[in-house]
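Spelled out from the first residue to the last, the chains are:
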Amino acid sequence: MYAYHELRKLHFEITDKCNATCPQCPRNDCGGTVNPRLPLVELSVDDVRRMVPESLVRQLRHIYACGNYGDPVVAKDTLAIFSYFRRANDKAYLGLHTNGSARKPEWWAELGRLMRHPTGYVRFSIDGLEDTNAVYRRNTRWRVIMQSVEAFIGAGGNAEWDFLVFRHNEHQVEAARARAKAMGFTRFTAKATARFFDGQRLQHIDRTPVKDKSGNVVSYLERPLSPEWNNEALTRMRAVTEHYGTSTRYLDTTTISCKVAAEKAIYISADGVVLPCCWLGARSYMASASQQEAFAQMVAAAGGVAALNAKHHSIEAIVAGPLFQRGFPESFAKRSLTEGRIYTCAWICGELTPSTVQWKNSERFPAPVLPQPVG
């Protein structure tokens, strides 16, 4: 059960807008047209001040902007928002996840001064080197990314490099790791993506399509050849299938160990809706009704999406309400998806946990020693 005074972690999505068109991202159709369900909004610094008062900021230990759909650096008030958090709590761990292909170096230098080691970080999603990164991170520009990284690290920012491994870039993992260390990143992580895993059928997918704006398939993203870079859920799947028999039986009965409840965390969407986690937030704009039904009914029973919006209701009242206190925790014990168990919870926090085992190969480097500012 959630308690407002025990909250310690805030994940928020500043915007659902993005400068990239990554083919496996749910914000677009395989890299083509933008998801028509997205409201295409962003939070202002005034929104954040009202929704997350200083009294709450002071009790938080970790605040970060990642994004189901958007990249936080394209929002107008991102710097102002993080400045507000830092002023209110100089000990909280602040984080931001981005493709790095937007904004001028001066902007990144200012962010670097806010995200210094060890109380802050920016995680750059760079999936390859100059010749391969844009195969997946479509519409990003290598030169801009490198300028962003250099300005951020040069100002003292703590930078981490996340590398999604595909067939087209798996040969570059070690070269990228070496480059990350040389540039002053403090961490490099090669991720065995879960996007080649079908949660409905509990089986791997060898490739996924890439589309243009007209909906034509122009190429494919392929699963890595090396077993080293394939998601561990593929291996675990065999034992799970043997035990449960079918994927439906697995989702109906797998033990759910909720990560965000254990972390005392909440998530706020770009339109201000407060939910336990980003995974539930992501489902709000996805097409599959079968995966949303139990959760949609739970939200309706809590008064609808409007009752969960922190622009109109306090986070304290929302957390004390029926979704957090009864609907969400009680759903874990439901005997099947048809009886009210939430698909997302069974898939993300069940025994397979494909999203968690993405971070297969992570290495930390010493933080660079930089000259201290004069004056």
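Residues numbered from 1 in each chain as written. Predicted model: local features only at pLDDT ≥ 70, side-chain atom pairs only at ≥ 80, totals over all residues. Heavy atoms only, no water.

### Points about the packing of aromatic side chains
All told, the structure shown has 19 aromatic pairs when counted by the stated rule. Summarising the aromatic geometry, the rings of tyrosine 244 and tyrosine 250 are spaced 5.4 Å apart at their centres and angled 80 degrees between planes, so their arrangement reads as edge-to-face. For the pair tyrosine 244 and tyrosine 250, one class covers both residues: buried. Measuring from ring centre to ring centre gives 5.1 Å for phenylalanine 328 and phenylalanine 332, while their planes differ by 75 degrees; the resulting arrangement is edge-to-face. Residue phenylalanine 328 is classed as buried on the basis of its relative accessible area, which comes to 3%. Among the aromatic residues, those joined into a ring-pair cluster are Trp107, Trp108, Phe124, Phe152, Trp161, Phe163, Phe185 and Phe188. Across from the ring centre of tyrosine 220, 3.6 Å away, lies the NZ or CZ of arginine 207, which sits over that ring. (Phe/Tyr/Trp six-rings, centres within 6.5 Å; stacked < 30°, edge-to-face > 60°. Buried < 20%, exposed > 50% of the residue type's maximum accessible area, 1.4 Å probe, protein only. Lys NZ or Arg CZ within 6 Å of the ring centre and 35° of its normal.)

### A short note on helix H7 (residues 173–183)
Those residues of H7 that fall on the buried side of the exposure criterion are Val173, Ala176, Arg177 and Ala180. Down the axis of H7, the smallest arc covering the buried residues is 105 degrees, so these residues share one side. Two residues or fewer past H7, glycine 184 is found with a positive phi of approximately 105 degrees. (Helix = DSSP H or I, 4+ residues; strand = E, 2+ residues; numbered from the N terminus. Arc of directions from axis to C-beta.)

### Focus: the pairing of strand S2 (residues 62–65)
Of the two faces of S2, the one lined by His62 and Tyr64 and the one lined by Ile63 and Ala65 are each fully buried. Two strands pair when backbone bridges link them, and strand S1 (residues 9–12) and S2 are joined in this way by four bridges, in the parallel orientation. Its bridge partner being in S2, lysine 9 is matched across the sheet by histidine 62. Judged from the four bridges that link them, S2 and strand S3 (residues 93–98) form a sheet pairing that is parallel. Its bridge partner being in S3, tyrosine 64 is matched across the sheet by glycine 95. (Pairing = 2+ DSSP bridges.)

### Quick notes on the state of the cysteines
In the structure shown here, the tally under the stated rule is zero disulfides. A disulfide-free cysteine, cysteine 66 has its sulfur positioned 6.6 Å from the sulfur of cysteine 278, the nearest such atom. Given a relative accessible area of 25%, cysteine 66 falls into the partly exposed group. The thiol of cysteine 278 is unpaired, and the distance to the nearest cysteine sulfur, on cysteine 277, comes to 5.7 Å. Looking at cysteine 278, the relative accessible area reads 15%, which means it is buried. (Disulfide = S-S within 2.5 Å.)

### Remarks on the pattern of salt bridges
Using the criterion set out here, one finds 16 salt bridges in the structure. A salt bridge links glutamate 42 to lysine 17, with the shortest nitrogen-to-oxygen separation between them at 3.2 Å. In this pair, glutamate 42 is assigned in the loop between S1 and helix H1 (45–51) and lysine 17 in the loop between S1 and H1, connecting sequence segments 25 residues apart. For glutamate 42, a relative accessible area of 23% gives the class partly exposed. Owing to a relative accessible area of 30%, lysine 17 belongs among the partly exposed residues under this scheme. Linking glutamate 222 and arginine 167 is a salt bridge whose minimum nitrogen-to-oxygen distance equals 3.5 Å. Residue glutamate 222 is found in strand S10 (residues 217–222), and its partner arginine 167 is found in the loop between strand S5 (159–164) and H7; the two are separated by 55 residues along the sequence. Connected through shared salt-bridge partners, Asp47, Arg50 and Lys311 make up one network. (Salt bridge = Lys/Arg side-chain N within 4 Å of Asp/Glu carboxyl O.)

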